[in-house]
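Coordinate analysis (summary)
What follows is each chain in one-letter form.
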Amino acid sequence: MEKRRLSFWEIWNLSFGYFGIQMGFALQNANASRILQTFGADVHHLSWFWIVAPLMGLVVQPIIGHYSDKTWGRFGRRKPYFLVGAVLASLGLILMPQAGAFTALLPALWMGAGFLMIMDASFNIAMEPFRALVADILPSDQRTLGFSVQTALIGFGAVLGSWLPYILSNWFGVKSTASEGEIPFHLILSFLIGAIVLIISVIITLSTTKEYSPEELEAFDRAEGKEIIKEEKTSLSNIFNDFKNMPQTMKQLGWVQFFTWFGLFGMWVFATPAIAHHVYDLPLSDTSSITYNKAGDWVGIIFGVYNAVSAIFAFFLPALALKLGRKTTHTVSLLIGGIGLISIYFIHDPKLLIFSMMGVGIAWASILAMPYAMLAGAIPSKKMGVYMGIFNFFICIPQIINSILGGPIVKYIYGGDPVYAIMMSGVAFIIAALLVQRVQDNEKPIKA
């Protein structure tokens, strides 16, 4: 018994919901620091506000993965979870830039941080089942293609999310300035559009994708010679047992993920203040001038560039993995991304940042596909959800560490200059690239 091979467009629809999820996530990544600074956050405290994101991922994703493994009903196994996550994330997107309207309850900064927490928790609820869904539905020789298509959709969604404020302001004349302490209307409108697209894209996946039943998945596992997991009593304590018994490949990939996501978090948190200060020569105290908002919009553009490159490069990943192997492909991609981040230190023309972010885009494409393609072959189907969730530990823990230490390091070691945090992110990418070679890849990619 074998899983049905899907056409390209079936694989596309399978992950299309990720387009909207990533559009919203990109709006958050490119603009959360900017919004929090507008509400009064100090640059050295930004990473502390961002700690909410990895904490939510650390708690939410394993729990959602565990329960989605056990769920089966008229709406499917994974689909109910990412629908609920999408609805809640949309509410967070609408409310965060308008946190100033709730000052009767709490200061705008704390309300904004609260809505950021809602968004982060909801994105995690929606994201985790999508990873498991690809592994559930696709046969082993289509998984590299499946995760690559998912990466492409992530890239396309992130490009639109990252560029949307700039497009609304510069192409459609939407007002991009506001009084001190207030969020420009083009950002408020961008987040509203992101919420609408998120809901629509998830509905497309819901309406076009049919999941396999638990019995069918067990039959597929038997045919592939995978370990058959006996039914367990549903308990959150099982997550700790699963963590203890994780496959060796997952442990090895964990170290790769640790340094990769330590670097990504530093880039996301400190890109706007670093580029405003280092490239645009603004004082760190400037968080509301026309030039600062111009720098913030440009950060959105270059973040869009790395996502656009990742979307395009994702289509070449299956062929590269077939020719070079998944490990070598991931190693080279991370090295290119690390060099791209380090190069930002030597740049003072904003336009040249595009080339730096092209390197990051190559790494990002591989980050979103290769580790999951390598991991899926080492996990039984009945544990796919929970292990994909546990794998998120190696994404969240380095971000938590960076969120706690990143601000003090910038303040006391880097003399307040956040550009050095970007360079540290580049070094972390290079360390991750070297660690890839220690990973045991159990499945050879087969041409789709």
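The following refers to the structure shown.

The rules behind the values
Residues numbered from 1 in each chain as written. Predicted model: local features only at pLDDT ≥ 70, side-chain atom pairs only at ≥ 80, totals over all residues. Heavy atoms only, no water. Helix = DSSP H or I, 4+ residues; strand = E, 2+ residues; numbered from the N terminus. Rg over C-alpha atoms; globule rule 2.2 N^0.38 Å. Buried < 20%, exposed > 50% of the residue type's maximum accessible area, 1.4 Å probe, protein only. Contact = heavy atoms within 4.5 Å. Areas by Shrake-Rupley, 256 points an atom, 1.4 Å probe, with all protein chains shown as cover. Lys, Arg positive; Asp, Glu negative; His and termini not counted. Charge placed at Lys NZ, Arg CZ, Asp CG, Glu CD. Expected span 1.5 Å × (residues − 1). Polar contact = N/O pair within 3.5 Å; in protein donor to acceptor, adjacent residues only side chain to side chain. Phe/Tyr/Trp six-rings, centres within 6.5 Å; stacked < 30°, edge-to-face > 60°. 1 Å grid on protein atoms, 1.4 Å probe; cavity = no way out; pocket = protein on both sides within 12 Å on 5 of 7 lines; lining within 4 Å. Points joined across faces, edges and corners; volume = space filled by probe spheres on them. Core = buried A, V, L, I, M, F, W, Y, C linked by side-chain atoms within 4.5 Å. Axes fitted to C-alpha atoms, helices over the stretch in contact; angles between N-to-C directions. Parallel < 35°, antiparallel > 145°, perpendicular 65-115°, else oblique. Left-handed = near helix turned anticlockwise from the far one by under 90°. Nonpolar A, V, L, I, M, F, W, Y, C, P; charged D, E, K, R; others polar.

A separate point is the overall build of the protein. Helices and strands together make up the secondary structure of the protein, namely 18 helices and zero strands. The C-alpha atoms of the protein give a radius of gyration of 21 Å, which matches the 22 Å a tight globule of 448 residues would have. Its C-alpha atoms give the protein principal-axis dimensions of about 65 × 45 × 40 Å. Counting the 448 residues in the protein, one finds 62% classified as buried. In the protein, the proportion of contacts linking residues at least 24 apart, taken out of those at least 6 apart, comes to 85%. By element, 67% of the accessible surface of the protein is carried by carbon and sulfur atoms, the whole surface being about 17100 Å². On the protein, the mean spot of the 30 positive side-chain charges and the mean spot of the 27 negative ones are 6 Å from each other.

Trans is the common state for peptide bonds, and a negative phi is the common state for residues other than glycine. Unusually for a residue other than glycine, aspartate 281 sits at a positive phi of about 60 degrees. Relative to the helices and strands, aspartate 281 is located in the loop between α11 (248-278) and α12 (290-314). Using a relative accessible area of 62% as the deciding quantity, one classes aspartate 281 as exposed.

Attention now moves to helix α2 (residues 17-38). With 22 residues, α2 should cover 32 Å at 1.5 Å per step; its first-to-last C-alpha distance of 31 Å lies within 8% of that length. Of all 22 residues in α2, 22 are buried; the element is thus mostly enclosed. One or two positions beyond α2, positive phi appears at glycine 40, with a value near 115 degrees.

The topology assignment puts serine 140 in the loop between α6 (108-137) and α7 (143-170). Residue class for serine 140 comes out partly exposed when judged on its relative accessible area of 30%. In sequence terms serine 140 and proline 247 are 107 residues apart; their C-alpha atoms lie 17 Å from each other.

As a further point, take the side chain of threonine 205. Here threonine 205 is to be found in helix α8 (residues 185-208). In this structure threonine 205 comes out as buried when scored by relative accessible area, which is 0%. Looking at threonine 205, its side chain comes within polar contact range of the main-chain oxygen of asparagine 13, at 2.8 Å. A distance of 2.8 Å separates a polar atom in the side chain of threonine 205 from the backbone nitrogen of glycine 17. The contact partners of threonine 205, leaving out residues within four places of it in the chain, are Asn13, Leu14, Ser15, Phe16, Gly17, Phe82 and Phe130.

So, on to the packing of aromatic side chains. Counted under the stated rule, the structure contains 21 aromatic pairs. With a centroid separation of 6.2 Å and 55 degrees between ring planes, the pair formed by tryptophan 255 and phenylalanine 258 is classed as tilted. Placement of both tryptophan 255 and phenylalanine 258 in helix α11 is noted, with a separation of three residues, approximately one turn of the helix. Where tyrosine 372 meets phenylalanine 391, the ring centres are 5.7 Å apart and the plane angle is 85 degrees; that geometry is what we call edge-to-face. Here the residue tyrosine 372 occupies a position in helix α15 (residues 353-376), and phenylalanine 391 occupies one in helix α16 (residues 384-391), the gap between them amounting to 19 residues. Residues tyrosine 372 and phenylalanine 391 agree in their burial class; the two are buried. In textbook terms, an aromatic cluster arises when at least three aromatic residues are bridged by ring pairs, as seen for Phe25, Phe123, Trp261, Trp268, Phe303, Tyr306 and Trp364.

With that settled, consider empty space enclosed by the protein. Enumeration according to the criterion identifies five cavities of 30 Å³ or more in this entry. What the largest cavity holds in volume is close to 400 Å³. Contributing to the lining of the largest cavity are 29 residues, with Phe25, Gln61, Asn124, Met127 and Trp261 lying nearest its centre. Residue assignment for the lining of the largest cavity shows that the elements contributing at least two residues are α2, α4 (52-70), α6, α11, α15, α16 and α17 (393-413). Per-element tally for the lining of the largest cavity: the top contributor is α6, with six residues.

Counting 130 residues, the largest nonpolar core has Ile21, Phe123, Trp268, Phe303, Met357 and Trp364 as its most contacted members. When neighbours within four sequence positions are excluded, methionine 357 is seen to be in contact with Met267, Ile302, Phe303, Val305, Tyr306 and Ile344. Of all hydrophobic cores here, the second largest spans seven residues; its members include Val52, Met56, Val60 and Tyr81.

Packed helices, taken two at a time, are described by the angle their axes make and the gap between the axes. At a minimum axis separation of 8 Å, α11 and α17 run at an interaxial angle of 40 degrees. What the angle tells us is that α11 and α17 run oblique. Judged by the twist between their axes, the crossing of α11 over α17 is right-handed. Along the contact surface, α11 presents Met250, Gly254, Gln257, Phe258, Trp261, Phe262, Phe265, Gly266, Trp268 and Phe270, while α17 presents Phe394, Ile395, Ile397, Pro398, Gln399, Ile401, Asn402, Ser403, Gly406, Gly407 and Val410. In terms of residue class, the contact of α11 with α17 is built from 13 nonpolar, eight polar and no charged.

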